[in-house]
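# Reading the structure
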Amino acid sequence: MTVCPKQAISMEEDAYGCLYPKIDLFGCVHCGKCVRTCPHSHQSAGNTPAVAYAAVGKCHQTVQNSASGGVFAALAQSCVRKGGLAAGAVMDCDDSHVDAYHLLSREESDLRRMQGSKYVQSEAWRSYAGVMEALKAGEPVLFSGTPCQTAAIKALTGDPENLVTVDIICHGVPPLHMLNDYLPILSGYLLGDITDFRFRDKSCGKRYAARIVVDRKRKTRRLFMKSSLLSFYAYFLKGTIFRESCYSCPYTGRGRVSDITIGDYWGIEQFHGEAIRSGQMPDRKDWSCVLVNTEKGDRFLETHADEISLYATRWEWVAEKNQQLREPVIPEKNRDRVLKLYAESGYSAVEAAFVKEHGGRLR
């Protein structure tokens, strides 16, 4: 859509709310730029990670505001302070409705909005034109997104030296439309308008707890809820409601499309338990992993990792409990039934089935 010189391509939703490019055949001049640019048409083997680290940010507040170890936030902050720009996913919430998109900014205040897991497809293309303009002006840009989004920005720009890409270990993305159909149902349970929604929040000490801010008759309340109680969240974790392409994702595996890969370091105690027990590594539950995939990524990390504690590890250990470093997510057996309910009767039918299966509605 971004590369089309005639603006003949738009993004349109299917029956499940997933966005796909649609070509206006009357406006198309058959130049072929869309096909030549599409990263799925020219999939490469990717870069094999040269170095792997266990990592955690040194700033407590930065790590506290992040889903895991605060690595992207620390890198982005360093990049911005040294004159560059950062692009990452943000999610705005108001009146029980959310908007997820990529924001390009040089303001530190915007970096806080880029922290945390979004668990829906961000409209990354909103930032592409700005990223291309900044790169042409010679400005350093740090771009973070899912592997397919980082592949897209590299294809659009030609991957110049002043662009550094960071992909997250992605499980898959549900459509934003589906979340927006769910939130009014959730606000009905909570008796107020949802003004902020965060999928993973550390404030109450639970790894998978959502933080929900509710406006009840002009009184603001913060609520924390287990992921298993929220149908959308539970279906995300089970891999039930991802877009179809996620189940055959070409970006899983050891070959990485970006300069740096980051994600949760699940099972770190299994491989670094002795170092943690002896005090060589801190004892905490929010470790990140960092895979350095290119020489450009290595140089960037060396320049901008002052606020990150890095401990050498092995790719095989990181991949042990990160399935998407080995293969795509496997569709959950309930997927067809859930999607059929949604397409035919809306999310209220999905919620009713979830409530029936889990012993009653939220109280």
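Keep in mind it's a predicted model, so treat the numbers as computed, not measured. (Residues numbered from 1 in each chain as written. Predicted model: local features only at pLDDT ≥ 70, side-chain atom pairs only at ≥ 80, totals over all residues. Heavy atoms only, no water.)

### Here's the deal with the sheet that holds strand 8 (residues 193-198)
Sheet strands associate in pairs through backbone hydrogen bonding, adopting either a parallel or an antiparallel arrangement. Spatial ordering of the open sheet is given by 8-9-10, a layout of three strands whose pairing is antiparallel. Here the strands that pair on one side only, and so sit at the sheet edges, are strand 8 and strand 10 (219-226). Adjacent strand axes in the sheet meet at a mean angle of 25°, parallel and antiparallel pairs treated alike. The pairing of strand 9 (residues 209-216) with strand 10 spans eight bridges and is antiparallel. Across the sheet, Val214 pairs through a bridge with Arg221, a residue of strand 10. The strands touched by helix 7 (residues 176-190) within the sheet are strand 8, strand 9 and strand 10, with strand 8 carrying the most contacts at an inclination of about 115°. (Pairing = 2+ DSSP bridges. Helix = DSSP H or I, 4+ residues; strand = E, 2+ residues; numbered from the N terminus. Axes fitted to C-alpha atoms, helices over the stretch in contact; angles between N-to-C directions. Contact = heavy atoms within 4.5 Å.)

### Some words on unusual backbone geometry
Unusually for a residue other than glycine, Ser96 sits at a positive phi of about 60°. Note on placement: Ser96 falls in the loop between strand 4 (85-94) and strand 5 (97-105). Assessed through its relative accessible area of 6%, Ser96 is described here as buried. A positive phi angle, near 60°, is found at Tyr119, a position not held by glycine. Structurally, the position occupied by Tyr119 is in the loop between helix 4 (108-114) and helix 5 (128-136). According to the relative accessible area criterion, Tyr119 is buried, its value standing at 12%. (Buried < 20%, exposed > 50% of the residue type's maximum accessible area, 1.4 Å probe, protein only.)

### Considering the side chain of Lys154
As for its placement among the helices and strands, Lys154 is situated in helix 6 (residues 147-157). Relative accessible area serves as the criterion here: at 18%, Lys154 is assigned to the buried category. Residues contacting Lys154, with those up to four places away along its chain left out, are Asn47, Asp159, Thr165 and Val257.

### Thoughts on the packing of aromatic side chains
Summed over the entire model, instances satisfying the criterion amount to 15 aromatic pairs. Ring plane angle 20° and centroid distance 4.1 Å describe the contact between Tyr119 and Phe236, whose orientation is recorded as stacked. Taken together, the residues Tyr119 in the loop between helix 4 and helix 5 and Phe236 in helix 8 (residues 231-238) connect sequence positions 117 residues apart. There is no split in this pair, since Tyr119 and Phe236 are both buried. Aromatic side chains Phe199 and Phe232 sit 6.1 Å apart centroid to centroid with 35° between the ring planes, which places their arrangement in the tilted category. Placement of Phe199 in the loop between strand 8 and strand 9 and of Phe232 in helix 8 is noted, with a sequence separation of 33 residues between them. No difference in accessibility class separates Phe199 from Phe232, as the two residues are buried. A connected cluster of aromatic rings, assembled from ring pairs, spans Tyr119, Tyr182, Phe197, Phe199, Phe232, Tyr233, Phe236, Phe242, Tyr247, Tyr342 and Tyr347. Positioned above the aromatic ring of Tyr20, the side-chain terminus of Arg243 is 4.3 Å from the ring centre. (Phe/Tyr/Trp six-rings, centres within 6.5 Å; stacked < 30°, edge-to-face > 60°. Lys NZ or Arg CZ within 6 Å of the ring centre and 35° of its normal.)

### Quick look at the packing of helix 3 (residues 71-81) against helix 10 (residues 295-304)
In the contact formed by helix 3 and helix 10, the axes pass within 9 Å of each other and the chain directions differ by 80°. As summarised for this structure, helix 3 and helix 10 are arranged roughly perpendicular, according to the angle between their axes. For the pair helix 3 and helix 10, contact is made by Ala74, Leu75, Ser78 and Cys79 and by Phe300, Leu301, Thr303 and His304, respectively. Considered class by class, the residues forming the contact of helix 3 with helix 10 number five nonpolar, three polar and no charged. (Parallel < 35°, antiparallel > 145°, perpendicular 65-115°, else oblique. Nonpolar A, V, L, I, M, F, W, Y, C, P; charged D, E, K, R; others polar.)

### Thoughts on the pattern of salt bridges
Across all of its chains, the model carries 20 salt bridges by this definition. Of the charged contacts, one joins Arg126 and Glu123 as a salt bridge, the two residues approaching to 3.0 Å between their closest N and O atoms. Residue classification places Glu123 among the buried residues on the basis of a relative accessible area of 18%. We note a salt bridge from Arg254 to Glu316, for which the minimum N-O separation is 3.4 Å. Residue Arg254 is found in the loop between helix 8 and strand 11 (260-264), and its partner Glu316 is found in helix 11 (residues 315-320); the two are separated by 62 residues along the sequence. Of the residues examined, Arg254 reaches a relative accessible area of 33% and is grouped as partly exposed. Residue classification places Glu316 among the partly exposed residues on the basis of a relative accessible area of 35%. Salt bridges sharing common partners tie together Asp196, Arg198, Asp201 and Arg211. (Salt bridge = Lys/Arg side-chain N within 4 Å of Asp/Glu carboxyl O.)

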